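Chain and residue survey
The residues making up each chain are set out below.
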Amino acid sequence: MTPVPPQLERDDVLADLVEALRIFTVQSDVFVDVFARAHGLGRSDLNAIMWISAGTTADRPITVGELAQRLNLSPAAATALVDRLEAVGHVARTRDPHDRRRVTVRMQDQALQVARQFFLPLGEGMREAATEFTAEELARTAAVVQRMTEAVTAAGRRAAGR
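Here's a quick rundown of the structure.

Helices and strands together make up the secondary structure of the protein, namely 6 helices and 3 strands. Starting at the N terminus, the α and β elements of the protein follow one another as α-α-β-α-α-β-β-α-α. Dimensions of the protein, computed from C-alpha atoms along their principal axes, come out at roughly 70 × 40 × 30 Å. Within the span of the protein, comprising 162 residues, buried residues form 20% of the whole. Considering only residue pairs separated by 6 or more positions, the protein has 49% of its internal contacts joining residues 24 or more positions apart. If you sum the accessible surface of the protein, you get close to 11600 Å²; carbon and sulfur atoms cover 58% of it.

This part is about the pattern of salt bridges. Summed over all chains, the structure comprises 10 salt bridges. Connected via shared salt-bridge partners are Asp 29, Asp 33 and Arg 43.

Below, the discussion takes up the packing of helix H2 (residues 43-57) against helix H3 (residues 64-71). To characterise two packed helices, one gives the angle between the axes of the helices and the distance between these axes. Contact geometry of H2 with H3 gives a least axis separation of 10 Å together with a crossing angle of 125 degrees. By the criterion of interaxial angle, the relationship of H2 to H3 is oblique. Note that H2 runs across H3; the crossing there is right-handed. The segment H2 lies against H3, with Ser 44, Asn 47, Ala 48, Trp 51 and Ile 52 engaging Leu 67, Arg 70 and Leu 71.

By size, the foremost hydrophobic cluster in this structure holds 23 residues, and its most contacted members are Leu 41, Ala 48, Ile 52, Leu 67, Leu 85, Val 91 and Met 107. Of all the secondary structure elements, the ones that give two or more residues to this core are helix H1 (6-38), H2, H3, helix H4 (75-87), strand S3 (103-107) and helix H5 (109-129). Residues contacting Ile 52, with those up to four places away along its chain left out, are Ile 62, Leu 67, Leu 85, Val 91, Val 105, Arg 106 and Met 107.

It is worth spelling out H4 at this point. In this model, H4 (13 residues) spans 18 Å end to end at C-alpha, consistent with the 18 Å of a helix rising 1.5 Å per residue. Taken as a whole, H4 has its buried residues at Ala 78, Leu 81, Val 82 and Leu 85. Each buried residue of H4 sits inside an arc of 95 degrees when the element is viewed along its axis, so together they form one side. Opposite the buried face of H4, at more than 90 degrees from it, the exposed residues are Ala 76 and Ala 87. At its buried positions, H4 is contacted by H2, H3, strand S2 (91-95) and S3. After H4 finishes, the residue Gly 89 shows a positive phi value of roughly 90 degrees.

Cut-offs and rules
Residues numbered from 1 in each chain as written. Predicted model: local features only at pLDDT ≥ 70, side-chain atom pairs only at ≥ 80, totals over all residues. Heavy atoms only, no water. Helix = DSSP H or I, 4+ residues; strand = E, 2+ residues; numbered from the N terminus. Buried < 20%, exposed > 50% of the residue type's maximum accessible area, 1.4 Å probe, protein only. Contact = heavy atoms within 4.5 Å. Areas by Shrake-Rupley, 256 points an atom, 1.4 Å probe, with all protein chains shown as cover. Salt bridge = Lys/Arg side-chain N within 4 Å of Asp/Glu carboxyl O. Axes fitted to C-alpha atoms, helices over the stretch in contact; angles between N-to-C directions. Parallel < 35°, antiparallel > 145°, perpendicular 65-115°, else oblique. Left-handed = near helix turned anticlockwise from the far one by under 90°. Core = buried A, V, L, I, M, F, W, Y, C linked by side-chain atoms within 4.5 Å. Expected span 1.5 Å × (residues − 1). Arc of directions from axis to C-beta.

And the structure:
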């Protein structure tokens, strides 16, 4: 039997990885949509909550302008989205204590708790799924996924004309 050329093998493995990421993305969307429907949230609302909660959890709250950039929304659309989330008690606007002109958006504690209750079991399942991999393998995989995420982000910006 003739050995497979290394480049062809690498291309096949890369294609498998890209396909796995596509399937992961779709299955993640399906899972997240269950949460969204249960809480009367649209996709943009949920995407905003993801960025706002990440900033809140890391104690680096996001501004409405930053949110608009990350979601590829106009500043007015991002403001309306935050207004909706604030009206139902999911988020709150706060003045930055170091720069009173800067207004940031934070998750409300109750909304964070509800999200944690729903998403923590998923995190535990993902940790279990990765138990057989070494820290080095996981770090390399994370680096690949981060670079692929950057490629998707750049493609999205190009498609949106930014």
